[in-house]
Protein chains: 2
Amino acid sequence: RSAPKTDGRHDSFELEPERHPALHVISKRPFNAETPSDVLDSFITPNELFFVRNHLAVPLINAESYVLEVVVEGVEKTTLLTLEDLRTKFPQHTLAASIQCGGNRRSEMIATRWVQGIAWSIGAISNATWTGPLLRDVLKYAGYDDSNENLQHVQFEGLDCDAVCCYGASIPIEKAASRSGDVILALEMNGHTLPRDHGYPVRVVVPGTVGSRSVKWLGRVVVSHQESQSFWQQRDYKLFSPSANYPTVDFATAPSMQEMPVQSAIYEPADGSVLPPSIEVLTVKGYAWSGGGRHIARVDVSLDGGKFWHTAEIKPSPEPFKQQQGRAWAWALWEAKVPVPPEMRNQVEVVCKAVDSNYSSQPESIDPIWNLRGLNNNAWHR
Amino acid sequence: RSAPKTDGRHDSFELEPERHPALHVISKRPFNAETPSDVLDSFITPNELFFVRNHLAVPLINAESYVLEVVVEGVEKTTLLTLEDLRTKFPQHTLAASIQCGGNRRSEMIATRWVQGIAWSIGAISNATWTGPLLRDVLKYAGYDDSNENLQHVQFEGLDCDAVCCYGASIPIEKAASRSGDVILALEMNGHTLPRDHGYPVRVVVPGTVGSRSVKWLGRVVVSHQESQSFWQQRDYKLFSPSANYPTVDFATAPSMQEMPVQSAIYEPADGSVLPPSIEVLTVKGYAWSGGGRHIARVDVSLDGGKFWHTAEIKPSPEPFKQQQGRAWAWALWEAKVPVPPEMRNQVEVVCKAVDSNYSSQPESIDPIWNLRGLNNNAWHR
Ligand SMILES: [Mo]
Ligand SMILES: [Mo]
């Protein structure tokens, strides 16, 4: 294949965008930063405070010359689409979706037993609205036809590259081509042109799926018989037994992460807070989310480390953040006002756990889900 | 609505079918019996040993006069289909699917803390092939059109009734009408006419979904704006916090169970077995399954109660039991040959846990998932 169609400088960190000072920076090159806890309590994360997970340098892309290539294996012609084409040739959709990094809450996993990876706290997840054409409409336009059963994956190639290769990932065709999959080629985020850190000019947003498949600076889409062969699809974003480690693990037989399991976290009270000695009722707040469009069925909160549980109130989600049946892509926000018995006032251990619409539950502790890449930490949040 | 179209005797237990003596009978009226452990180790559960979960007496249905009613709200004409119609008017499909009762493994939950309900061990799940027309083809024939967005649920009414009402349940329209949902109106089970205990002459099989939605002795299908209003949809098959109980729980706000979470169980060695004192390698075998068509990504086995984990071999599934991407309806069978260190020979605690293709995990213990109906016990199996 030919070189990505940008005006270059893909492996240079000299042209990074400016960032909001309130972001919690975890690594600078590539830039990774999380949403501050006090900003999580909102159905919309402002664009400038949306967590940033970059695998490589941010490419500088010229909107005028930008072209998206769409290739369907078995279809001779490659479809080339300008930004104008993406805006005008297809119906535009807006949907609300959280994006969560596969490593969200890794810092707790690291604390249990060391793993390599960005030490995210609870802010490697954010929520926004996304506007653009549906991927399925673009695939049809490019000649994809669901009667060809060889075509099982849709690969995405980013325009973020180092000297050797560019970022890439893929998702199953069912997700990409189904009406209920809601995969969107986002041109706007919260009603504004995509910021450079979030994929300007085009990011595919794969709702309900690990963030690493929502490829930013999208340069090429390939409908294929096989998964993306990129490092990030084949040798990362896979999980193994807590007793397995390099070099004996077999990446080939582990499935690549797609839909994520149920998650929740507490952002109030902040970790380590000291409660007023006379407190009678403690207000606990947090988010909860599950992959695959599953909505949150219930959030339980405990002040005694998990013996007695109080059921939290899930806040009513305004449109378009509503928890739609099977298409609940946006997080739920919840709040519990929990009575604090006098004898517990100086020994509260606040814990939350959520169940999703499958009544799938979060695991109690990290040890049994520990994995060598530190992915999918969805243990109870303490 | 009119009375169900059978030749009656719905509330009589005098005309129950004969049953195989090897079934583990748990209750006689209604009849509930589980598959013996030694029979679980097979991709096909023989029809006569498939677990039986009856909510009411088994109706005696005359194939000649049997008619399935299909009603689509907003479509004036009710569609009536004979068995011959179901066999000849629609393409016939065969698929392999496990059916699991919502109460599978309830006995372990009861042992932790009492709950009402049938005390199932690990055999309230079985696996078979199912043959018949797809529900979606029948719905289209009856005038269902997916552009009518009011139609959100498909209700099933059984011909098993007591003096007051008949069994009923519903599933979301997305599952019922999508190509990948694979919902089938089964006329055959493992290549034979359905046995009376399994819904003769027609059972809807909703793969990946709690068994209670796979309504037996199907008499009527209604595409509706609302869920089934039956007791079993509204006041059962819902889960609550472990700290919640009658009479304060609010059934109205809890979602009805549909897709089930990841599950696994050990059938060899049998619970309480004594190992030979000189054993060097222990063979551990079991099944694993997840709802929603998710396949099993990994099964871990521990001999020390969960400190060190060995990854089991998942047996290759023959056609049609293959673990197809997003449509893995049949269980996986697994085996681990685990070395037993000399110092552990008289203190082995065998445990298994599985993860599915979402990397959703099983909870470690029962207490935090305990619920007043004793449903969805998918804690690690010990
Ligand atoms: Mo990520
Ligand atoms: Mo059940």
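Residues numbered from 1 in each chain as written. Chains lettered and ligands numbered in written order. Predicted model: local features only at pLDDT ≥ 70, side-chain atom pairs only at ≥ 80, totals over all residues. Heavy atoms only, no water.

**Points about the pattern of salt bridges**
As enumerated under the stated definition, the model contains 36 salt bridges over all chains in all. Of the charged contacts, one joins A:E268 and A:K285 as a salt bridge, the two residues approaching to 3.9 Å between their closest N and O atoms. In this pair, A:E268 sits in strand 15 (residues 263-268) while A:K285 sits in strand 16 (residues 281-289), placing the two residues 17 residues apart along the sequence. Overall, the relative accessible area of 34% leaves A:E268 in the partly exposed class. A salt bridge links B:E259 to B:R294, with the nearest nitrogen and oxygen atoms 3.0 Å apart. You can see B:E259 sitting in the loop between helix 5 (231-234) and strand 15 (263-268) and its partner B:R294 sitting in the loop between strand 16 (281-289) and strand 17 (296-302), a full 35 residues away along the chain. Classification of B:E259 by relative accessible area gives partly exposed; the value is 27%. For B:R294, a relative accessible area of 7% gives the class buried. A single network of salt bridges, built from pairs that share partners, joins A:D41, A:E268, A:K285 and A:K315. (Salt bridge = Lys/Arg side-chain N within 4 Å of Asp/Glu carboxyl O. Helix = DSSP H or I, 4+ residues; strand = E, 2+ residues; numbered from the N terminus. Buried < 20%, exposed > 50% of the residue type's maximum accessible area, 1.4 Å probe, protein only.)

**Here's the deal with unusual backbone geometry**
The omega angle of the peptide bond from B:Y200 to B:P201 is 10 degrees, so this bond is cis rather than trans. As for its position among the elements, B:P201 is in the loop between strand 12 (192-193) and strand 13 (203-205). Of note, the amide linkage connecting B:E268 to B:P269 takes the cis form, showing an omega dihedral of 0 degrees. Tracing the chain through its elements places B:P269 in the loop between strand 15 and strand 16. Non-glycine residue A:Y237 carries a positive phi angle of around 55 degrees.

**Concerning the sheet that holds strand 20 (residues 332-339) of chain B**
Residue and element names in this part refer to chain B. Overall, antiparallel pairing links the four strands, which are arranged 15-16-20-19 in an open sheet. Each of the sheet's edge strands pairs with one partner strand only, and the pair in question is strand 15 and strand 19 (313-314). Pairing geometry for strand 16 and strand 20, over eight bridges, is antiparallel. Following the sheet pairing, V281 is matched in strand 20 by P339. (Pairing = 2+ DSSP bridges.)

**Overview of the side chain of A:S224**
All names here are of chain A. On the secondary structure map, S224 appears in strand 14 (residues 218-224). Among the polar contacts made by the side chain of S224, one reaches the side chain of Q155 at a distance of 3.4 Å. Polar contacts involving the side chain of S224 include one to the main-chain amide nitrogen of Q226, which spans 3.0 Å. Excluding anything up to four places from it in sequence, S224 contacts E73, N150, L151, Q152, H153 and Q155. (Polar contact = N/O pair within 3.5 Å; in protein donor to acceptor, adjacent residues only side chain to side chain. Contact = heavy atoms within 4.5 Å.)

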